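Each chain, letter by letter, is given below.
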Amino acid sequence: MVLYDRIIVPIDGSAGSERVAVHAAALAAVHDAELHGVYVVNAGSFAGLPMESSWEGLDDMLRADAESALDQVERAAESQGVPVETHVLEGTPSREIVEFAERGGCDLIVMGTHGRGGIDRLLLGSVAEKVVRASKVPVLTVRIEGGGDDADEFAVEVPEDAAPESPADSPAEADAAADSTATADGGE
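Residues numbered from 1 in each chain as written. Predicted model: local features only at pLDDT ≥ 70, side-chain atom pairs only at ≥ 80, totals over all residues. Heavy atoms only, no water.

K.L.:
Tell me what's going on with the packing of helix α3 (residues 93-103) against helix α5 (residues 127-134), and back it up with residues and numbers.
P.N.:
Between α3 and α5, whose axes approach to 9 Å, the crossing angle comes to 40°. Regarding the angle of α3 to α5, the classification is oblique. By crossing handedness, the relation of α3 to α5 is classed as right-handed. Residues Pro93, Ser94, Ile97, Val98 and Glu102 of α3 form the contact with α5, whose participating residues are Val127, Lys130, Val131 and Ala134. (Axes fitted to C-alpha atoms, helices over the stretch in contact; angles between N-to-C directions. Helix = DSSP H or I, 4+ residues; strand = E, 2+ residues; numbered from the N terminus. Parallel < 35°, antiparallel > 145°, perpendicular 65-115°, else oblique. Left-handed = near helix turned anticlockwise from the far one by under 90°. Contact = heavy atoms within 4.5 Å.)

This is the structure in structure tokens:
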């Protein structure tokens, strides 16, 4: 059964972004879906710079960051044989991601979350949480534990024939299974 035709993967190039791109590309391959890599340039965060700052140089730097991040999506899609398009958008990241997904007829948003809690989440906010709250399109979050290199040591590959045949035997096993999957309810 095919659930997804168009999957969007917003990416920011931070540590662990590659893990998100690989996960999104694998989902696209399973569902024979097209993948859309999106990078949002948050130009508003640079509005406070003095006017004498070189906007041309800043724009070039931001575009280079975008291309570098989107290269991760292209490589992941290529390794899975999945068609991919990349898009550089400008604006508020959460708003642009939601609007792109809804306007583009996307079936799923796959994005990373650092799993911050407490005061860090309060002070830093979470683009993923804002997208989950605002989007009509389902959102699958991929937890990024500590970033790039050590994220892979938490990844577990499960063979297709190893899937459980019955539901969890106890509530504790069900909770453990739920914790090991990506969430779409904004829980971080």
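K.L.:
Describe unusual backbone geometry, and please don't skip the residues or the numbers.
P.N.:
Backbone geometry places aspartate 32, a non-glycine residue, at a positive phi of 50°. With respect to the helices and strands, aspartate 32 occurs in the loop between α1 (17-30) and β2 (34-41).

K.L.:
Break down the pattern of salt bridges for me, citing the residues and quoting the values.
P.N.:
This model, assessed by the stated rule, comprises three salt bridges. With its nearest N and O atoms 2.3 Å apart, the salt bridge here joins arginine 63 to glutamate 90. On the criterion of sequence distance, the pair formed by arginine 63 in helix α2 (residues 55-80) and glutamate 90 in strand β3 (residues 84-90) is long-range, its members being 27 residues apart. Its relative accessible area of 28% is what places arginine 63 among the partly exposed residues. Linking glutamate 129 and arginine 133 is a salt bridge whose minimum nitrogen-to-oxygen distance equals 2.7 Å. (Salt bridge = Lys/Arg side-chain N within 4 Å of Asp/Glu carboxyl O. Buried < 20%, exposed > 50% of the residue type's maximum accessible area, 1.4 Å probe, protein only.)

K.L.:
Give me the sheet that holds β3: which residues, what numbers.
P.N.:
In spatial order, the strands read β3-β2-β1-β4-β5; together these five strands make up an open sheet with parallel pairing. Because the sheet does not close on itself, it has two edges, and the strands there are β3 and β5 (139-143). Across the sheet, the mean angle separating the axes of adjacent strands is 25° when strand polarity is ignored. Relative to β2, strand β1 (residues 6-10) is paired through five bridges, and the arrangement is parallel. The residue of β2 that forms the bridge with isoleucine 8 is histidine 36. This element, α3, spans β1, β2, β3 and β4 (108-113) of the sheet and lies at about 150° to β2. Set on the sheet, α5 makes contact with β4 and β5; between it and β4 the angle comes to about 155°. (Pairing = 2+ DSSP bridges.)

K.L.:
Which residues make up the pairing of β1, and what values go with them?
P.N.:
Burial analysis of β1 places four of its five residues in the buried class, which makes it a mostly covered element. Handedness of the β1-α1-β2 crossover: right-handed. Judged from the two bridges that link them, β1 and β4 form a sheet pairing that is parallel. Note on β4: the bridge partner recorded for isoleucine 8 is isoleucine 109. (Right-handed = clockwise from strand over helix to strand, strands pointing away.)

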